[in-house]
Amino acid sequence: MTDSHQRIVALARHEYRAAVRSRVLIALLLIALVATAASIYIAAVDYRSQLEDYNVYLQAARANGIQRVAPSPLRLLSLLRGALEYVAIIGAVVGIALGYLSVTRERSSGTLPLLRSRPVTSGELAAGGAIGAFGLIATYVTATVGIAVISLGVVGHGWVTGTDVVKLAFVYLAAVAYLGAFFFIGVIFTARSKVAANGLILALGLWLAVVLILPQIGDTLDPDNQVPGGLFAALNVGKPHENLILSHFGTYETIRTNLEAASFEKHFERFAFAMTDVKDKYASFSIGHLFVKTYGDVIWLVLGPIVLSIAYVHSFRRPTSPTRGANP
Amino acid sequence: MTATTIAVQEVQSLCRRRVFAAFVGMLVAVTVLAGIIGWSSHNTIVRVYDEAVGLLATEGRAAPPNPFLQVPPLALLSNLAIYLPLIGALMAIIVGHLALADDQSTGIGRLLFSRPMTRFGYLAGKLAGTATVVVAALGASFAVGIAALRIANGYFPTADQVGRLAGFYLLSWLYLMTFVLIGIVAVLLTRRRSLALLGSLGVWLIVTFAMPQFTSGLRPTSSLNPISDPVSTSQRFFQITAQARPLSVSEQYKTASAQILETTSSSLGTGPVLRIVPLLALLGALVVLAGVLINRHDYAEASSDD
């Protein structure tokens, strides 16, 4: 390991340890994890009851000598929907808070000028900070996935298969990339603000627009979301007729789809929901086919963090001024 | 120096920092947005229904009644009951945060208390100042809402509709003031601005997303849609947690808003007045807590801008 690598590892360790010492960050992580656990527990209990019903049906069918029985309509991974929504909403706040605290910690403690007095390049500082933050993000996502898999098995009596594990691994990577993007946003906005709290407010404003407002507008404009249970179900209209009717509302649907596509969160949600069978239409697809169907979302999830990481590295090259009124 | 002086200074300070303009601008923008979304989606649904009726007729099937026939005129603004607890509450936290954090970090607090002024008078002034700002922002939103209803429905809202809309805004004012107080209390409990802001945000996340999940099984995105599918709450888990449902103020706010605006056709049990009680209790508790904390607060201690 070269000296540069050693310095980066030391900085990453420092970043990780300092982050887990932040009580407010731990509190936000706990809120996310407890809400996640509750959502999965509720879904798993429902799943167990439906699984028992299906098994009773299966036994009855076999006892009557019926050879061809309906396959189980239950999709285990779809129970992760609530958990994925918490990652998308609260996890993003954790990412911003991580980035914000990363900058303000060094500013207020005065360690940044000390670090710069050592033979550490701005690139090493940026890399060390990012690796440490991604380590914490990975820990959070691992805890979420761990809680999910164990809850589904123990409470729901449904254990994930090999294919499920591969799908979960891709969702895991997407979640880390998604949250990493918000970490970069937290750092960039804070580093560019003289008063750090203003940077945090701006970053949260962006989070509000991207994570909550844009997807909400898209969802609300969806004709099928206007009536409880779905408009087309209320009208007794099947899927072919639904598609035929919607084809006459091309402009409306284009505006709605583009509004959703402007949200980075929606791309994470679409990819994660496709991989976890939340959407019925993807349930029978192979993993390769799922990637083909969601390639646009994958591009966003790859390019988004890369573009933001460039701005993140750039923010380390700028001379940092101490925060006005900051305590040493 | 009186509470009125503090209140006027607070309003001027928020105006100078453009927070006041941002708050008014945001609420006006979301009202316009809610109006456009309501008008656009309603028009589209009516056209979808007409097309569905035509298609079903070609197959010799009877069309079900138009699900939108019973929708009241105020439903056009139903999205406001989603946007105000999201954007409005976050802005309210920032208003509450800035009201005290600036005095603390700039040292103005120490200077103020070198003058003959009580802590209670200071808090009352701050609350009056922030309440005025929230009233002004909601008032602007109310005026735009009336204009949106006039344009979209083609007639001026009736006295009953204006009264209902005013009732909804009064409820929203109480809801937003709760978050102003959360922002204030968080500043008094912490020494760093970032901790205060993130702590308030944590409370907002619990109130907006975690509580509805625990007490009603509402997923985060279900909480963001004015029309959400009913969730099965027959599990034992909910038999326990549902006891706390009256304390889930965001749910109570959403339901009371739907009742006041008559945007729901189904019976929702408890009336809007009773649903406001937990919100009023929380508001009262936060005022008392802020009073206790401000009396104990040591303004000689410097706080960090970070």
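It should be emphasised that the depicted structure is a prediction, and the values quoted were computed from it without experimental measurement.

**Considerations on the overall build of chain B**
- Tallying secondary structure elements over chain B gives ten helices and zero strands in all.
- In chain B, the succession of helices and strands from N to C terminus is α-α-α-α-α-α-α-α-α-α.
- Principal-axis analysis of the C-alpha atoms places the extent of chain B at approximately 85 × 50 × 35 Å.
- Taking all 306 residues of chain B together, 44% fall into the buried category.

**Concerning the confidence of the model for chain B**
- When pLDDT is averaged along chain B, the result is 84; 91% of the residues meet or exceed 70.
- Across the interface, the model reports ipTM at 0.78; the global pTM reads 0.84.

**Here's the deal with helix α3 (residues 81-109) of chain A**
Residues and elements named next belong to chain A.
- With 29 residues, α3 ought to run about 42 Å at 1.5 Å a step, and its terminal C-alpha atoms sit 40 Å apart, in line with that.
- Of all the bends in α3, the greatest, near 35 degrees, is centred on G91.
- Within α3, 27 of the 29 residues are buried, leaving the element largely enclosed by the surrounding structure.
- Following α3 by one or two positions, G110 adopts a phi angle in the positive range, close to 75 degrees.

**Overview of the packing of helix α2 (residues 19-58) of chain B against helix α3 (residues 80-106) of chain B**
All names here are of chain B.
- As a packed pair, α2 and α3 sit with axes 10 Å apart at the nearest point and diverge in direction by 175 degrees. The angle between α2 and α3 falls in the class roughly antiparallel. For the pair formed by α2 and α3, the contact residues are V19, F23, M26, L27, V30, T31 and A34 on the first element and L80, Y83, I87, G88, M91, I94, V95 and L98 on the second.
- Residue composition of the contact of α2 with α3, by class: 13 nonpolar, two polar and no charged.

**Quick look at the packing of helix α1 (residues 3-16) of chain B against helix α5 (residues 119-153) of chain B**
Residue and element names in this part refer to chain B.
- Closest axis-to-axis distance for the α1/α5 pair is 7 Å, and the angle between their directions is 40 degrees. Of the possible angle classes, the one that applies to α1 and α5 is oblique. In the packing of α1 onto α5, the handedness of the crossing is right-handed. Along its contact with α1, which presents A3, T4, T5, I6, A7, E10, V11 and L14, the element α5 presents G121, Y122, A124, G125, K126, A128, G129, T130, T132 and V133.

About the cut-offs
- Residues numbered from 1 in each chain as written.
- Chains lettered and ligands numbered in written order.
- Predicted model: local features only at pLDDT ≥ 70, side-chain atom pairs only at ≥ 80, totals over all residues.
- Helix = DSSP H or I, 4+ residues; strand = E, 2+ residues; numbered from the N terminus.
- Buried ≥ 20, exposed ≤ 12 C-beta atoms within 10 Å, placed from the backbone.
- pLDDT = per-residue confidence, 0-100.
- Expected span 1.5 Å × (residues − 1).
- Bend = angle between axes of the 7 residues up to and from the residue.
- Axes fitted to C-alpha atoms, helices over the stretch in contact; angles between N-to-C directions.
- Parallel < 35°, antiparallel > 145°, perpendicular 65-115°, else oblique.
- Contact = placed C-beta atoms within 7 Å.
- Nonpolar A, V, L, I, M, F, W, Y, C, P; charged D, E, K, R; others polar.
- Left-handed = near helix turned anticlockwise from the far one by under 90°.

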